[in-house]
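Each chain, letter by letter, is given below.
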Amino acid sequence: MIKALRFSKLPRLISVRNGWLVTLLSLLSLWAVADDYSSGHTALEVWDSHAKDNVPLAVAIWLNVMTVTFLSGLVFVWKQPVARWVVGGVLLSVISSGLIADALDLIPLSGYIALIHLLFWTPGLVMLLLRRPFMGPLSAFSIWSGIATLVICVSFIFDGRDAWIYLHHMLF
């Protein structure tokens, strides 16, 4: 079990001078009550090496599909702006999730990781849906963009649920 912080009632007034994201993340580092979290892949479990090693087979397969999809996007980043948005969002989510958690002394619960995915992958999904390269002539890029769109949409189904659970748990 890992001791972590859970947040109770928030103050009624929230300063928006530093932006909503900074405000939200700052609030998550205040008003703490200790809780125990176990390692795992659900919203309120710690996403650590033990959790990654012990996910159900279906989750392991899905994680590998996502990894292959996003890594294969590197082939297209030099010529396709949409691929830059998708791959850039994924890279930023990987890099920033650890930095934000460390800066705010947060435990990396799976719901936190889901929230990071929603924040950083949304611009890439928006670009995929606006430009619709998967509807163009059949090519390696059109196939990749269709798969990437599907992967992000399916991920967002689970990430949305986990982020909601995480935020509700942390803020109320």
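Residues numbered from 1 in each chain as written. Predicted model: local features only at pLDDT ≥ 70, side-chain atom pairs only at ≥ 80, totals over all residues. Heavy atoms only, no water.

1. What to know about the overall build of the protein chain
- Secondary structure assignment for the protein chain yields 6 helices and 2 strands.
- Looking at the 172 residues of the protein chain, the share that counts as buried comes to 37%.
- For the protein chain, the proportion of contacts with a sequence separation of at least 24, taken over those separated by at least 6, is 71%.
- Carbon together with sulfur atoms contributes 69% to the accessible area of the protein chain, which is approximately 10,200 Å² in total. (Helix = DSSP H or I, 4+ residues; strand = E, 2+ residues; numbered from the N terminus. Buried < 20%, exposed > 50% of the residue type's maximum accessible area, 1.4 Å probe, protein only. Contact = heavy atoms within 4.5 Å. Areas by Shrake-Rupley, 256 points an atom, 1.4 Å probe, with all protein chains shown as cover.)

2. A closer look at the nonpolar core
- One finds F70, W121, W144 and I152 to be the most contacted residues of the largest nonpolar core, which totals 19 residues.
- Put simply, the parts of the chain that give this core at least two residues each are α3 (57-72), α4 (81-104), α5 (110-131) and α6 (140-171).
- Ranked by the residues each element gives to this core, the list is headed by α6, at 6 residues.
- Ignoring anything within four residues of it in the chain, the contact list for F70 reads V86, V87, V90, W121, V151 and I152. (Core = buried A, V, L, I, M, F, W, Y, C linked by side-chain atoms within 4.5 Å.)

3. A closer look at a nonpolar patch on the surface
- A cluster of nonpolar side chains, contributed by L91, V94, I95 and L99, occupies part of the molecular surface with about 410 Å² of accessible area.
- L99 gets classed as exposed once you look at its relative accessible area, which sits at 56%. (Patch = residues over 30% accessible without salt bridge, like charges linked within 9 Å, V, L, I, M, F, W, Y side chains within 5 Å. Salt bridge = Lys/Arg side-chain N within 4 Å of Asp/Glu carboxyl O.)

4. Some details on the pattern of salt bridges
- Taken as a whole and assessed by the stated rule, the structure comprises 1 salt bridge.
- When the shortest N-O distance is used, the salt bridge between R161 and D162 registers 3.0 Å.
- With relative accessibility at 45%, the residue R161 sits in the partly exposed group.

5. Some words on α4
- In this model α4 runs 33 Å from its N-terminal to its C-terminal C-alpha over 24 residues, within 8% of the 34 Å that 1.5 Å per residue would give.
- Of all the bends in α4, the greatest, near 30 degrees, is centred on S96.
- Those residues of α4 not exposed but buried are V82, A83, V86, V87, G89, V90, S93, S96, S97, I100, A101 and L104. (Expected span 1.5 Å × (residues − 1). Bend = angle between axes of the 7 residues up to and from the residue.)

6. Comments concerning the side chain of D159
- For D159, the position within the fold is in helix α6.
- Salt bridges are absent for the buried D159, whose nearest opposite-charge side chain, R161, sits at 7.7 Å.
- Of the polar contacts made by the side chain of D159, one reaches the side chain of H117; its length is 3.0 Å.
- Excluding anything up to four places from it in sequence, D159 contacts A114, H117, L118 and W121. (Lys, Arg positive; Asp, Glu negative; His and termini not counted. Polar contact = N/O pair within 3.5 Å; in protein donor to acceptor, adjacent residues only side chain to side chain.)

7. So, the packing of aromatic side chains
- Counted by the stated rule, this structure contains 6 aromatic pairs.
- Clustering of aromatic rings is evident, with ring pairs tying together F70, W121 and F156. (Phe/Tyr/Trp six-rings, centres within 6.5 Å; stacked < 30°, edge-to-face > 60°.)

Purely geometric numbers; function is a separate question.
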